[in-house]
Amino acid sequence: GAVVSQHPSWVICKSGTSVKIECRSLDFQATTMFWYRQFPKQSLMLMATSNEGSKATYEQGVEKDKFLINHASLTLSTLTVTSAHPEDSSFYICSASWAYTQYFGPGTRLTVL
Amino acid sequence: RKEVEQDPGPFNVPEGATVAFNCTYSNSASQSFFWYRQDCRKEPKLLMSVYSSGNEDGRFTAQLNRASQYISLLIRDSKLSDSATYLCVTDSGAGSYQLTFGKGTKLSVIP
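Residues numbered from 1 in each chain as written. Chains lettered and ligands numbered in written order. Predicted model: local features only at pLDDT ≥ 70, side-chain atom pairs only at ≥ 80, totals over all residues. Heavy atoms only, no water.

Chemist: I tried to follow the overall build of chain A on my own but got confused; where do I start?
Modeler: Within chain A, the secondary structure is distributed over zero helices and eleven strands. In terms of overall dimensions, chain A is globule-like: its C-alpha atoms have a radius of gyration of 13 Å, near the 13 Å expected for 113 residues. A principal-axis box enclosing the C-alpha atoms of chain A has dimensions of 40 × 25 × 20 Å. Counting over 113 residues, chain A shows a buried share of 51%. When contacts within chain A are restricted to residue pairs at least 6 apart in sequence, long-range pairs at least 24 apart make up 53% of them. Accessible area of chain A: about 5,700 Å², with a carbon and sulfur share of 53%. For chain A, the distance from the average position of its 9 positive side-chain charges to the average position of its 8 negative side-chain charges is 5 Å. (Helix = DSSP H or I, 4+ residues; strand = E, 2+ residues; numbered from the N terminus. Rg over C-alpha atoms; globule rule 2.2 N^0.38 Å. Buried < 20%, exposed > 50% of the residue type's maximum accessible area, 1.4 Å probe, protein only. Contact = heavy atoms within 4.5 Å. Areas by Shrake-Rupley, 256 points an atom, 1.4 Å probe, with all protein chains shown as cover. Lys, Arg positive; Asp, Glu negative; His and termini not counted. Charge placed at Lys NZ, Arg CZ, Asp CG, Glu CD.)

Structure follows, in structure tokens:
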């Protein structure tokens, strides 16, 4: 099956700093990637759809100026959490579609102090 | 709001038991349905797709009732390694790759 990687797997940062998370499709090209967020005991919530070469599409309630998405190549999408605050602490997961199936990255656990 | 509803559990069952999970979805335009498995602090992994005719993969059987907008997963002969959270997932319809996740049903298989 297809492989999606994420980096870093976990990060701890101070409030007010920015954090960049990378999502890579390792053995296939993905014109579309998705970014999800999961709080403890909650379902995965779609934050945005990342489209290669164009602007991301954000879900209602997700601030596009706070969660910057860049999909500059067919194998890489990045999510930057700007001016992170403790309430942004969560599990961030990306996914990419291949052969009508979505494959998920291993996730990035963000803790903002 | 397009939602997927699941019984959160937890379901605590002994090894060898048969357990069934149910799920309902509200988006009548959904065309694709899945069960994903998520282990603690890990990403979801596809367990199986769900087809209208029902489908089986080893000890796992999935059923779909489009009229009732209801999906089920049956696990026979439960193993300790089946302990996880099972996520019911649908697409957003109209050929979209976007997925909508239920909150998941937690299963604990006890020795």
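Chemist: What am I meant to see in the nonpolar core here?
Modeler: Burial of nonpolar side chains together is a common tendency in soluble globular proteins. Membership of the largest hydrophobic core comes to 25 residues, with the highest contact counts inside it found for A:Trp35, A:Phe67, A:Leu79, A:Tyr92 and A:Leu110. Secondary structure elements with two or more residues in this core: strand S2 (10-13), strand S3 (19-25), strand S4 (32-38), strand S5 (45-51), strand S7 (67-73), strand S8 (76-81), strand S9 (90-98) and strand S11 (108-112) of chain A. Ranked by size, the runner-up nonpolar core spans 23 residues in total, among them B:Val19, B:Ala62, B:Ala84 and B:Val109. (Core = buried A, V, L, I, M, F, W, Y, C linked by side-chain atoms within 4.5 Å.)

Chemist: Hey, could you run me through the interface of chain B and chain A in this one?
Modeler: When the parts come together, some accessible area is lost, and that loss is often what is quoted as the size of the interface. In this assembly, 16 residues from chain B lie in contact with 20 residues from chain A. Counting the surface lost from both chain B and chain A, the interface buries some 1,500 Å², and carbon and sulfur atoms represent 58% of this. At the boundary of chain B with chain A, the tally comes to zero salt bridges. Counting every contact that joins chain B to chain A gives three residue pairs in polar contact (both at pLDDT 80 or more). When contributions to the side of chain B that touches chain A are tallied by element, the ones reaching two or more residues are strand S4 (33-38), strand S5 (44-50) and strand S10 (99-101) of chain B. By residue number, the principal contributor to the side of chain B that touches chain A is S4(B), which donates three residues. (Buried area = accessible area lost by both parts, 1.4 Å probe. Salt bridge = Lys/Arg side-chain N within 4 Å of Asp/Glu carboxyl O. Polar contact = N/O pair within 3.5 Å; in protein donor to acceptor, adjacent residues only side chain to side chain.)

Chemist: I would appreciate a short explanation of the sheet that holds S7(A) in the present structure.
Modeler: Hydrogen bonds along the backbone pair up the strands of a sheet, which may run parallel or antiparallel. All names here are of chain A. Strand order in the open sheet formed by four strands is S1-S3-S8-S7, with antiparallel pairing between adjacent strands. What marks the edges here is a single partner per strand, and that holds for strand S1 (4-7) and S7. Direction aside, neighbouring strands of the sheet carry axes that sit 15° apart on average. (Pairing = 2+ DSSP bridges. Axes fitted to C-alpha atoms, helices over the stretch in contact; angles between N-to-C directions.)

Chemist: Can you help me understand the pattern of salt bridges in this one?
Modeler: Any two side chains of opposite charge can pair, on the condition that their charged atoms come close. Evaluation of the coordinates by the stated rule reveals seven salt bridges over all chains. The salt bridge partner of A:Arg24 is A:Glu22, with a shortest N-O separation of 3.5 Å. Classification of A:Arg24 as partly exposed rests on a relative accessible area of 33%. On the basis of relative accessible area, A:Glu22 is assigned to the partly exposed category, the value being 24%. With its nearest N and O atoms 3.6 Å apart, the salt bridge here joins B:Glu56 to B:Arg76.

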